[in-house]
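Structure assessment
The lines below spell out each chain.
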Amino acid sequence: MPGGNVISKEPEITICVLTFGEHPALARQVLGSIQAHCPRSRYRMVVGANAVGDATARLLREYHQAGHIDHLISSPTNLNKCPMMRLMFERVDTEFIWWFDDDSYITSSSALGK
């Protein structure tokens, strides 16, 4: 329809979240903020888990099994940020990428726009 808004059925954004170590509270905060402030239909999510502890690994598996994470990449050893980032970016097929370390989070529902 000319002049009408076109709504894409595919997400334009992949949100990448890098987690590290035994910090389940940080992982819960970043993932929960995305879930609370961004409509799930608007993004794909890729999470990297670098040498996470048991509690963090359980939390990430729960989010993945519930469908909140599209791709979960786990390494028992710390690959460091850039090597894990490369693995995560291999899963990206959207136009845009948002990157979050586990100590960052979204505070507003307007972050993704309308």
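Reference entry: report on the structure contained in this document.

Rules used throughout
Residues numbered from 1 in each chain as written. Predicted model: local features only at pLDDT ≥ 70, side-chain atom pairs only at ≥ 80, totals over all residues. Heavy atoms only, no water. Pairing = 2+ DSSP bridges. Helix = DSSP H or I, 4+ residues; strand = E, 2+ residues; numbered from the N terminus. Axes fitted to C-alpha atoms, helices over the stretch in contact; angles between N-to-C directions. Disulfide = S-S within 2.5 Å. Buried < 20%, exposed > 50% of the residue type's maximum accessible area, 1.4 Å probe, protein only. Parallel < 35°, antiparallel > 145°, perpendicular 65-115°, else oblique. Left-handed = near helix turned anticlockwise from the far one by under 90°. Contact = heavy atoms within 4.5 Å. Nonpolar A, V, L, I, M, F, W, Y, C, P; charged D, E, K, R; others polar. Core = buried A, V, L, I, M, F, W, Y, C linked by side-chain atoms within 4.5 Å. Right-handed = clockwise from strand over helix to strand, strands pointing away.

With parallel pairing, four strands are arranged side by side in an open sheet as 3-2-1-4. With partners counted over all chains shown, the strands left at the sheet margins are strand 3 (71-75) and strand 4 (96-101), one partner each. For this sheet, the mean angle separating the axes of adjacent strands, direction not counted, is 15 degrees. Note that strand 1 (residues 13-20) and strand 2 (residues 43-50) share eight bridges and pair parallel.

What follows covers the state of the cysteines. Simply put, the disulfide is a covalent bond whose two ends are the sulfur atoms of two cysteines. Inspection of every chain in the model, using the stated rule, returns zero disulfides. Note on cysteine 16: no disulfide assigned, nearest cysteine sulfur contributed by cysteine 82 at a separation of 13 Å. Of the residues examined, cysteine 16 reaches a relative accessible area of 0% and is grouped as buried. The thiol of cysteine 38 is not disulfide-bonded; the next cysteine sulfur, from cysteine 16, is found 13 Å away.

Right, let's talk about the packing of helix 1 (residues 24-37) against helix 2 (residues 54-65) for a bit. Helices that pack against each other are described as a pair by the angle of their axes relative to one another and the distance between those axes. For the pair helix 1 and helix 2, interaxial distance at closest approach is 9 Å and the crossing angle is 20 degrees. By the angle between their directions, the pair helix 1 and helix 2 is classed as roughly parallel. The hand of the helix 1/helix 2 crossing is right-handed. Residue-level inspection shows Pro24, Ala27, Arg28, Leu31, Gly32 and Gln35 of helix 1 in contact with helix 2, the latter providing Ala55, Thr56, Leu59, Leu60 and Tyr63. Split into classes, the residues belonging to the contact of helix 1 with helix 2 amount to seven nonpolar, three polar and one charged.

With that settled, the discussion passes to the nonpolar core. Most often, soluble globular proteins have nonpolar side chains that are buried together. Val17, Leu31 and Ile34 are the most contacted members of the largest nonpolar core, which totals 19 residues. Those elements that place two or more of their residues in this core are strand 1, helix 1, strand 2 and helix 2. Not counting residues up to four positions away in its chain, the partners in contact with valine 17 are Val30, Leu31, Ile34, Val46, Val47, Gly48, Met88 and Phe100. Counting seven residues, the second-largest nonpolar core is a separate cluster that includes Val46, Ile73, Met84 and Met88.

As a further point, take the pairing of strand 1. Here strand 1 lies mainly inside the structure; seven of its eight residues are buried. With helix 1 bridging strand 1 and its parallel neighbour strand 2, the resulting β-α-β unit is right-handed. Where strand 1 and strand 4 come together, six bridges link them in parallel fashion. From the neighbouring strand, isoleucine 15 faces strand 4, where its bridge partner is tryptophan 98.

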